[in-house]
Amino acid sequence: MASSTSRKQSEDRRKTPSSSSGPLAEELQCSICLDAFTDPVSTPCGHNFCKSCLNQSWDISLTYKCPLCKETFRRRPDLKINTALREVVLLIKEKSGQSKSEVLCDICDDIKMKALKMCLVCQSSYCHTHLEPHQRVPKLKKHKLIDPVENLVDHICQKHDKPLELFCRDDQTCVCFLCAVTDHRNHNTVALEEESRERRPQLMKIQSDVQQMIQDRMKRIQDLKRSAKLKKETSEKEKAESIELFTDLIRSIERCQSELLEMMEQKQRAAEKQTEEFIKELEQEITELKRRDTELEHLSHTEDHLHLLQIYPSMSRPAHTSSWTEISISDTHESVGNLRKALIQLQETLDEKLSKTVLKRMQQHAVDVTLDPDTSHPKLTLSDDGKQVEYRDIELELPHNPKRFDYCCCVLAKEGFSSGRFYFEVQVKGKTDWDLGVARESINRKGMITAAPEDGYWIVFLRDGNHYQAYECPPVSLSLRVKPQVVGVFVDYEEGLVSFYDVESRSHIYSFTGQSFTEKLFPYFCPCNNEEGKNTAPLIISHVRYNE
């Protein structure tokens, strides 16, 4: 029987197989040595490492923390080999053709030949030539031979130095024959081969589950990358549109500024011209007055009384003069008024362009939404195409469904969204009462509903024909300039935004901001009851007509 030292030397001479390639192999790699797990152990925080890698890491650092998440443990954890994970690694190696390590013969002197078998009794590996005595000598023929393995020590009882040939089902551990008659004397022990046959289907199931988990995570990564790419493309497009929009706005401002300056210059030139004309008139009047003053001075000294009396009527009449105060400042008021009017018109133009741009961007994320009959309250009637819902006083006989609303007259859409942006429009024309918005998948659908964001609802509503509110806590009253006929609902999942818009007037109604979404969101509709015939019109999911 070889000594422990020779056994260790023989193990050191064996070659290690190269790590498997592919995503599954990457999931089964130790993050310390970056190779497939060898004797995998799990830390209390749930991460897996090779036993030797983790022990070496703790021996060097003298602190007990997870190399991956850095969680520190006050005491050094007692590491147990995760046998299930180890078997999965071995199965993966088998499928990839790497289950057999390149184990070399311990007996060859010069050129080491590849081992054909290992003897658990001799605890040595043998090539085809050196295996011959075990196939010929009667005593050696009784020894237990196995296929070559990299870690022979795993097959030897460390207490009795005997082959591990039995499995104790009570303690769930491999034992040798001596263990079976001592420490495990009254336990249920079976041959390793028997236990292995029974466990193989379970291992295959575990492997299947692991592969499915990996595929799910890979799909999630692909979805996230695709979403990030789409978001980047959308952001670039919005950036270009924003540049175009503000370029147009700057041009509009420059044009208005130019027109205002031209108008003011025209007014200035007209005022200067008018002033020059008045000055000219006044100079002429001054000349005329001076002439009259000279004549009056002459008449005041004349002795020709007849001439004085003849011209007195014309001299006694006031001279015609133009008052300089006739130059009105109304032009100044008119200029200011025109300037204010132009600025108001510019502001209206800017608001219209901004509203049009915002709505156009939202409509680019339009989705096809249909009503889900499995969620519809029994007093609601859905159209065949799933685009209209109306309230009826007659309760339909519908099958029981855990997704169905049984108290509030609501219905959800079939389509749910867990990422990105989406937008839909609903016609509310002719209605005096309605609720619209989105709700998360896990909302309470039985009995009374509390419709608020903390309960999974993001909704606005109309009551009594003109009272609009947002379901906040407390509710927020909304003041709208016009009564919406078509309401647009826009959701940005990652940004935590739910916005409502009046499509026809292109005006903002309300927005829930800073929300945190963690599950699917479904469009939500409530046509409310008939209100004695005043609210019979249906809610209609509209086809989005893009604003140009």
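Residues numbered from 1 in each chain as written. Predicted model: local features only at pLDDT ≥ 70, side-chain atom pairs only at ≥ 80, totals over all residues. Heavy atoms only, no water.

**Q** Hey, could you go over the overall build of the protein for me, with residue numbers and the actual values?
**A** Per the secondary structure count, the protein includes 10 helices and 21 strands. Across the 548 residues that make up the protein, the buried fraction comes to 35%. Here the analysis covers contacts within the protein between residues at least 6 apart in sequence; of these, 59% occur between residues at least 24 apart. For the protein, the computed accessible surface area is about 33,700 Å², with 52% contributed by carbon and sulfur atoms. (Helix = DSSP H or I, 4+ residues; strand = E, 2+ residues; numbered from the N terminus. Buried < 20%, exposed > 50% of the residue type's maximum accessible area, 1.4 Å probe, protein only. Contact = heavy atoms within 4.5 Å. Areas by Shrake-Rupley, 256 points an atom, 1.4 Å probe, with all protein chains shown as cover.)

**Q** I'd love a proper account of the sheet that holds strand E3 (residues 117–119), names of residues and values included.
**A** What the three strands build is an open sheet, ordered E4-E3-E5; its pairing is antiparallel. The open sheet has two free edges, formed respectively by strand E4 (124–126) and strand E5 (145–146), since each of these has just one partner strand. Across two bridges, E3 lies against E5 in antiparallel orientation. Across the sheet, Met 118 pairs through a bridge with Ile 146, a residue of E5. (Pairing = 2+ DSSP bridges.)

**Q** Any chance you could break down the pairing of strand E10 (residues 388–391) for me, citing the residues and the numbers?
**A** Residues of E10 alternate between two faces, with Val 389 and Tyr 391 buried on one and Gln 388 and Glu 390 left unburied on the opposite face. Alignment of strand E9 (residues 380–382) against E10, held across three bridges, turns out to be antiparallel. The residue bridging Leu 380 from the neighbouring strand is Tyr 391, located in E10. Hairpin connection of E9 to E10: five residues between the antiparallel strands, including Gly 386 at a positive phi of 70°.

**Q** Kindly report on the pairing of strand E20 (residues 521–526), identifying the contributing residues and their values.
**A** Counting buried positions over the six residues of E20 gives six, a clear majority of the element. Sheet topology places strand E11 (residues 411–412) next to E20; two bridges connect them, and they run antiparallel. Its bridge partner being in E20, Leu 412 is matched across the sheet by Tyr 524. Direction of pairing for strand E13 (residues 434–440) relative to E20: antiparallel, over a ladder of six bridges. Paired with Arg 440 across the strands is Leu 521, a residue of E20.

**Q** I'd like a description of a negative patch on the surface, backed by residues and values.
**A** Negative charge collects at one region of the surface, where Glu 272, Glu 276, Glu 277 and Glu 281 lie side by side. Relative to the helices and strands, Glu 272 resides in helix H8 (residues 192–299). The class of Glu 272 is partly exposed, set by a relative accessible area of 41%. (Patch = residues over 30% accessible without salt bridge, like charges linked within 9 Å, V, L, I, M, F, W, Y side chains within 5 Å. Salt bridge = Lys/Arg side-chain N within 4 Å of Asp/Glu carboxyl O. Lys, Arg positive; Asp, Glu negative; His and termini not counted. Charge placed at Lys NZ, Arg CZ, Asp CG, Glu CD.)

**Q** Run through the layout of surface pockets, naming residues and quoting values.
**A** Estimates place the volume of the second largest pocket at around 360 Å³. As for the second largest pocket, its lining consists of 15 residues, and the residues nearest its centre are Ser 227, Leu 230, Ser 419, Gly 420 and Arg 421. At eight residues, H8 tops the list of elements feeding residues into the lining of the second largest pocket. (1 Å grid on protein atoms, 1.4 Å probe; cavity = no way out; pocket = protein on both sides within 12 Å on 5 of 7 lines; lining within 4 Å. Points joined across faces, edges and corners; volume = space filled by probe spheres on them.)

**Q** Please provide a residue-by-residue account of the packing of aromatic side chains, values included.
**A** What the rule picks out here adds up to 12 aromatic pairs. Between Tyr 457 and Tyr 524 the ring centres are 5.6 Å apart and the planes differ by 85°, which places this aromatic pair in the edge-to-face class. Remark: Tyr 524 occurs in strand E20 and Tyr 457 occurs in strand E14 (residues 457–463); sequence separation between them is 67 residues. When sorted by exposure, Tyr 457 lands in the same class as Tyr 524, which is buried. (Phe/Tyr/Trp six-rings, centres within 6.5 Å; stacked < 30°, edge-to-face > 60°.)

**Q** Could you give an account of the environment of Leu 230, with specific residues and numbers?
**A** Among the structural elements, Leu 230 can be located in helix H8. Sequence separation of Leu 230 and Gly 420 is 190 residues, and the distance between their C-alpha atoms is 8.8 Å.

**Q** Tell me about the environment of Glu 193, and please be specific about residues and values.
**A** In this structure, Glu 193 sits in helix H8. For the pair formed by Glu 193 and Glu 165, sequence separation is 28 residues and the distance between their alpha carbons is 8.4 Å. Within the structure, the side chain of Glu 193 is placed 2.9 Å from the side chain of Lys 144, a separation counted as a polar contact. (Polar contact = N/O pair within 3.5 Å; in protein donor to acceptor, adjacent residues only side chain to side chain.)

**Q** Can you lay out the confidence of the model for the protein for me, pointing to particular residues and giving the numbers?
**A** For the protein, per-residue confidence averages 82 on the pLDDT scale, and residues scoring 70 or more make up 83% of the total. Note on residues 1–21: pLDDT under 50 across the span, and 44 contacts to partners over four residues away in sequence or across chains. Scored below 50 in pLDDT, residues 324–330 shows three contacts in the model against residues more than four places distant or in partner chains. (pLDDT = per-residue confidence, 0-100.)

**Q** So what's going on with the state of the cysteines? Residues and values would help.
**A** Per the stated rule, a full pass over the model turns up zero disulfides. Among the cysteines around Cys 409, which has no disulfide bond, Cys 526 carries the closest sulfur, lying 6.3 Å off. (Disulfide = S-S within 2.5 Å.)

**Q** Summarise helix H3 (residues 51–61); cite the residues concerned and give the values.
**A** Among all positions in H3, only Cys 53, Leu 54 and Trp 58 are buried. Relative to the axis of H3, the buried residues are bounded by an arc of 125° and lie together on one face. Facing away from the buried side of H3 by more than 90 degrees, the exposed set consists of Ser 52 and Ile 60. (Arc of directions from axis to C-beta.)

**Q** Residue-level account of the nonpolar core, with values.
**A** In terms of nonpolar packing, the biggest core is built from 36 residues, with Trp 434 and Phe 525 touching the most fellow members. In contact with Phe 525, not counting residues within four places along its chain, are Val 369, Leu 371, Cys 409, Cys 410, Val 411, Ala 413, Phe 424, Val 426, Asp 435, Leu 436, Leu 539 and Ile 541. One finds Cys 30, Cys 50, Cys 53 and Val 89 within the second-largest nonpolar core, a separate group that totals 17 residues. (Core = buried A, V, L, I, M, F, W, Y, C linked by side-chain atoms within 4.5 Å.)

**Q** Can you tell me about the pattern of salt bridges, naming the residues and giving the values?
**A** Under the criterion given, the structure shown has 24 salt bridges. The shortest N-O distance in the salt bridge between Asp 492 and Arg 421 comes to 2.9 Å. Remark: Arg 421 occurs in strand E12 (residues 421–427) and Asp 492 occurs in strand E17 (residues 486–492); sequence separation between them is 71 residues.

**Q** Quick one: what's the story with unusual backbone geometry, residue by residue and with numbers?
**A** The amide bond that connects Cys 473 to the next residue, Pro 474, takes the cis arrangement and shows omega of 5°. Looking at the element boundaries, Pro 474 is found in the loop between strand E15 (467–470) and strand E16 (476–478). Despite not being glycine, Lys 70 shows a phi value in the positive range, around 70°. Take Lys 70: it is sitting in the loop between H3 and helix H4 (83–95).

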